[in-house]
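# A look at the structure
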Amino acid sequence: MNSPSLRYIDLSHNQFEGPLPHWSSDAAKYLDLQSNLFSGPIPSNFDQLLPKLQELYLSDNHLNGSLPPSLCNMSSLYIFMLRSNHLSGEFPRAWSLWRYIMVVDVSDNNLSGNFSSSMGVPSSLRILNLSKNNFGGQIPSSLFQNCSQLNRIDLGGNRFTGSIPLQTRSNCLYNLTAFAHRNDGDFSFLGAYFETASLTLKGQELEYDRTLNLVNSIDFSSNNLEGVIPQEISSLRLLGTLNLSRNQLTGNIPSKIGNLRWLETLDLSHNHLSGQIPQSFSSLTSLAHLNLSFNNLSGRIPSGNQLQTLNDSSIYERNPSLCGVPLSTVCPGDGALAPADPDDGDHNEDDTDENGKFGIYVSAVLGFIIGFWSVCGTLVMKKSWKYAYFRFFDNIKERAALAIALRVAHWQRKT
């Protein structure tokens, strides 16, 4: 179907099915067919059908087949959304031809293959989501070269191996300036685009909607990464989410991790990390979600500031050498904090009862003495009061005797 003047196409969130329509338009800039039932492959001549396309949304369909290499000829493209389909094969290696690309999301597909060192990220890229696929091999440091605008990286749920490519000043870390310095660039291109991010904590997958310009996150979870967590990661001061869980990482947690004062979510669970939890954790004043479980951490759990609110023991479970609050394991030297012996508790209760009874007895005796001398002392000291007192009781006695005599006489008359 040739529609030369068609510029904006939005058929999203319907029940359309069948293959993708072969619309042809030199003017079309926006195509949104997400959340339908479209199936089949992406046309191999897609770049010729819509050569000026800028935003492509095909997520949440049933598309299959591979990504046509010709997609990289769409030089005006800046949003490329194909998540939650059944796409397979390798990711196009010529994607650096996308000079204006800002969002690439092909998560939750069956894509595979390795990323060679010759594959760089386009310098305009802001969001890269390759999660929940079958990508493998090492994460090349060249993947993040010239990535000063990149503020979200999600490679979770793949088969990447090797170490985290952030170790040296010459590598990726010092190119990720969007994580280290506030970028007030124009995010209006995102429009109403939202993304659902997920994090597995305490056996549950937490989901939360965030506008993408507010997210600074790195997610390398559920891979086969090895080695240590680079100390330099503490330089990414604007990082909001760091998820390195479910890998094979070893060594210590970076000692200066407290520099990440905007960090809200930190998940290092299910690794082989060792050593103590850095005291700088108490400087993470924005921390809302934490998971350090299933490691080999040891020593006292730090306290103070935001950590006081994270008092769930499951955060630290399966670290047999950890101690301190909120765990039940008491640290050496904290004997005063040890649970009291049950027998000691019984003795304390008995002592409390005895003290209470003694106080009651003392109060009763003092009350009797004070009351007795208040009355009798007055009668001894003042004769006029004494005479009046005894006269009062004599009158009562005489009236009582008279009343009794009258009652007895009354009963006798009846009988």
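Below is a summary of the structure that appears in this document. (Residues numbered from 1 in each chain as written. Predicted model: local features only at pLDDT ≥ 70, side-chain atom pairs only at ≥ 80, totals over all residues. Heavy atoms only, no water.)

### Structural notes on the nonpolar core
Ranked by size, the top nonpolar core spans 74 residues in total, and within it Phe80, Trp95, Trp98, Phe281, Leu290 and Tyr316 carry the most contacts. The next biggest cluster of nonpolar side chains, apart from the first, holds 8 residues, and it includes Tyr57, Tyr78, Ile79 and Val103. (Core = buried A, V, L, I, M, F, W, Y, C linked by side-chain atoms within 4.5 Å. Buried < 20%, exposed > 50% of the residue type's maximum accessible area, 1.4 Å probe, protein only.)

### Looking at the state of the cysteines
Put plainly, two cysteines are in a disulfide when a covalent bond ties their sulfur atoms together. All chains considered together, the criterion is met by 1 disulfide. The disulfide that involves Cys323 links it to Cys331, with 2.0 Å between the sulfurs. On the sign convention where negative means left-handed, the S-S torsion of about 105 degrees between Cys323 and Cys331 marks this disulfide as right-handed. With respect to class, Cys323 is no different from Cys331; both count as buried. (Disulfide = S-S within 2.5 Å.)

### Here we look at the pairing of strand 12 (residues 134–138)
Bridge analysis of strand 10 (residues 110–114) against strand 12 gives 3 bridges, and the strand direction is parallel. Bridge assignment links Gly113 to a residue of strand 12, and that residue is Phe135. (Pairing = 2+ DSSP bridges. Helix = DSSP H or I, 4+ residues; strand = E, 2+ residues; numbered from the N terminus.)

### Brief notes about the packing of aromatic side chains
In the structure shown here, the tally under the stated rule is 8 aromatic pairs. Residues Tyr30 and Tyr57 carry aromatic rings whose centres are separated by 5.5 Å and whose planes lie at 45 degrees to one another, so their mutual orientation is tilted. In this pair, Tyr30 is assigned in strand 3 (residues 30–32) and Tyr57 in strand 5 (residues 55–57), connecting sequence segments 27 residues apart. No difference in accessibility class separates Tyr30 from Tyr57, as the two residues are buried. Taking 6.4 Å as the distance between ring centres and 35 degrees as the angle between the ring planes, the aromatic pair formed by Phe91 and Phe115 counts as tilted. Of the two residues, Phe91 sits in the loop between strand 8 (86–90) and strand 9 (103–105) while Phe115 sits in the loop between strand 10 and strand 11 (127–129), which places them 24 residues apart along the sequence. For Phe91, a relative accessible area of 5% gives the class buried. (Phe/Tyr/Trp six-rings, centres within 6.5 Å; stacked < 30°, edge-to-face > 60°.)

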